[in-house]
Amino acid sequence: MINKEELEILKKKALDDHIPIIMDDTLEKIKEILEDEKPKRILEIGTAVGYSASKFAEYTEKDCVIDTIEIDENRANEAIENVKRIGVADRINIMIGNAVDILPTLDNKYDIVFIDAAKGKYPIFLEESIKLINDNGLILADNVLYKGYVMSDYNLHKQRTAVRHLREYIKEITENENLETEILEVGDGLSITRVHK
Ligand code: SAM
């Protein structure tokens, strides 16, 4: 049984601690997607403290497993404790390390991949996710519009690299003929890409 009260406590604590968890409207859209797609295995890149992974567990059937990767050891360890408290530890596998290194070592196949980590790595995450996804699976990526910077000609130096890589990501998901993409202006921009193998 999922402890929804603990999930709400986690959300509040993450927001109080300024941990960038998924926004409510983005989550609402992903909930609809998960209810339609009925995935059996989800991969998340960017666990933080386990909030979105726990919500995905809430929105899917009990036989759906979620593998999630987090580079920050403290956050990952917090996530491990959080998913136990919420009662979803048996469905969520938390891997600690850099997704760039971990993704090529995975041998499961996924129905859905959710990318929510370093924006500068989105093109690499996409390349690896395409290898790991089942035919007709969905790759979702959060923050693709990056507060509008992606659409703006002028960007501060510190945003430029992220913007360049996000533009590269958007170009690939919209121009690759095996990929079918919709970009929604929910949260910080959510891309939904259907992969035809
Ligand atoms: N999905 C989480 C949620 O909504 O509850 C929020 C994830 S937060 C936006 C992004 C996380 O990605 C951070 O905790 C960060 O440490 C992690 N991250 C950044 N680069 C990473 C990488 N290369 N590999 C794995 N995790 C990474």
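This text follows the structure it describes.
All values derive from a computational prediction rather than experimental measurement.

A.B. asks: Explanation requested: the environment of I42 in the structure shown.
C.D. replies: Position of I42 relative to the elements: it lies in strand β1 (residues 41–45). The spacing of I42 and L190 is 148 residues in sequence and 17 Å in space, taken between C-alpha atoms. Look past the residues within four positions of I42 in its chain and what remains in contact with it is L34, F56, T60, C64, V65, I66, D67, Y110 and I112.

A.B. asks: It is not clear to me how the pattern of salt bridges should be interpreted in this structure. Could you clarify?
C.D. replies: When the charged atoms of two side chains with opposite charge come close together, those side chains can pair. One pass over the structure, following the stated rule, counts 14 salt bridges. As a salt-bridge pair, K29 and E32 come within 3.3 Å of each other at their nearest N and O atoms. Taken together, the positions of K29 and E32, both in helix α2 (residues 24–37) and three residues apart, correspond to about one turn of that helix. Judged by its relative accessible area of 23%, K29 is partly exposed. Its salt-bridge partner being K31, residue E35 comes within 3.5 Å of it at the nearest N-O pair. Residue E35 and its partner K31 are both found in helix α2; the two are separated by four residues, about one turn of the helix. Since its relative accessible area comes to 24%, K31 is described here as partly exposed. Where salt bridges share partners, they join K4, K55 and E58 into one cluster.

A.B. asks: Help me understand the layout of surface pockets, please; the structure alone is not making it clear to me.
C.D. replies: A water-sized probe, rolled over the atoms, reveals where empty space remains. Taken as a whole, the largest pocket holds about 650 Å³ of empty space. As for the largest pocket, its lining consists of 30 residues, of which P20, D116, A117, A118 and N143 are closest to the centre. When residues of the lining of the largest pocket are traced back to their parent elements, those giving at least two are α3 (51–59) and β2 (65–70). Classifying every residue of the lining of the largest pocket gives 14 nonpolar, seven polar and nine charged. For the second largest pocket, the calculated volume is near 200 Å³.

A.B. asks: Is there a simple way to think about the packing of aromatic side chains in this case?
C.D. replies: For any pair of aromatic rings, geometry is given as the distance between the ring centres together with the angle between the planes. Counted according to the given criterion, the structure contains four aromatic pairs. Their ring planes at 80° and their centres at 5.4 Å tell us that F56 and F114 sit as a pair that is edge-to-face. Of this pair, F56 sits in helix α3 while F114 sits in strand β4 (residues 110–115), placing them 58 residues apart in sequence. Pairing Y146 with Y149 gives two aromatic rings, centres 4.8 Å apart and planes at 85°, and the pair type is edge-to-face. Members of the aromatic cluster, joined through ring pairs, are Y122, F125 and Y169. Over the face of the ring belonging to Y146 we find K119, whose NZ or CZ atom lies 4.8 Å from the ring centre.

Scoring rules and cut-offs
- Residues numbered from 1 in each chain as written.
- Predicted model: local features only at pLDDT ≥ 70, side-chain atom pairs only at ≥ 80, totals over all residues.
- Heavy atoms only, no water.
- Helix = DSSP H or I, 4+ residues; strand = E, 2+ residues; numbered from the N terminus.
- Contact = heavy atoms within 4.5 Å.
- Salt bridge = Lys/Arg side-chain N within 4 Å of Asp/Glu carboxyl O.
- Buried < 20%, exposed > 50% of the residue type's maximum accessible area, 1.4 Å probe, protein only.
- 1 Å grid on protein atoms, 1.4 Å probe; cavity = no way out; pocket = protein on both sides within 12 Å on 5 of 7 lines; lining within 4 Å.
- Points joined across faces, edges and corners; volume = space filled by probe spheres on them.
- Nonpolar A, V, L, I, M, F, W, Y, C, P; charged D, E, K, R; others polar.
- Phe/Tyr/Trp six-rings, centres within 6.5 Å; stacked < 30°, edge-to-face > 60°.
- Lys NZ or Arg CZ within 6 Å of the ring centre and 35° of its normal.

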